[in-house]
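For reference, the chains in residue letters:
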Amino acid sequence: MLHDRNGQSVVEYIVVLAIFIALVGGALWEVFSTLKVKFNDVNAEIGS
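Residues numbered from 1 in each chain as written. Predicted model: local features only at pLDDT ≥ 70, side-chain atom pairs only at ≥ 80, totals over all residues. Heavy atoms only, no water.

- Under an unreviewed UniProt entry, the protein chain has the name Flp/Fap pilin component and belongs to bioreactor metagenome.

Below, the structure is given as structure tokens:
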């Protein structure tokens, strides 16, 4: 593995970044899914 002066490997940075992106992406997906359901409910009420 490639190491810099601090002993941190490039692979570790990539893994941490991938985990961070996965967590943030998952949180955003949950928020958008919830908003989609709420908008569908509102549109159903307006349409009826």
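On we go.
**A few points about the overall build of the protein chain**
- Helix and strand content of the protein chain: one helix and zero strands.
- A total of about 4600 Å² of accessible surface is found on the protein chain, and carbon and sulfur atoms cover 71% of it. (Helix = DSSP H or I, 4+ residues; strand = E, 2+ residues; numbered from the N terminus. Areas by Shrake-Rupley, 256 points an atom, 1.4 Å probe, with all protein chains shown as cover.)

**What about a nonpolar patch on the surface?**
- A cluster of nonpolar side chains, contributed by Leu 17, Phe 20, Ile 21, Val 24, Leu 28, Val 31, Phe 32, Leu 35 and Phe 39, occupies part of the molecular surface with about 910 Å² of accessible area.
- For Ile 21, the position within the fold is in helix α1 (residues 10–47).
- On the accessibility criterion, Ile 21 (52% relative accessible area) is exposed. (Patch = residues over 30% accessible without salt bridge, like charges linked within 9 Å, V, L, I, M, F, W, Y side chains within 5 Å. Salt bridge = Lys/Arg side-chain N within 4 Å of Asp/Glu carboxyl O. Buried < 20%, exposed > 50% of the residue type's maximum accessible area, 1.4 Å probe, protein only.)

**Some remarks on the side chain of Ser 9**
- Within the element layout of this structure, Ser 9 appears in the segment before α1.
- Of the residues examined, Ser 9 reaches a relative accessible area of 0% and is grouped as buried.
- A polar contact of 3.1 Å, which involves the side chain of Ser 9, links it to the backbone nitrogen of Glu 12. (Polar contact = N/O pair within 3.5 Å; in protein donor to acceptor, adjacent residues only side chain to side chain.)

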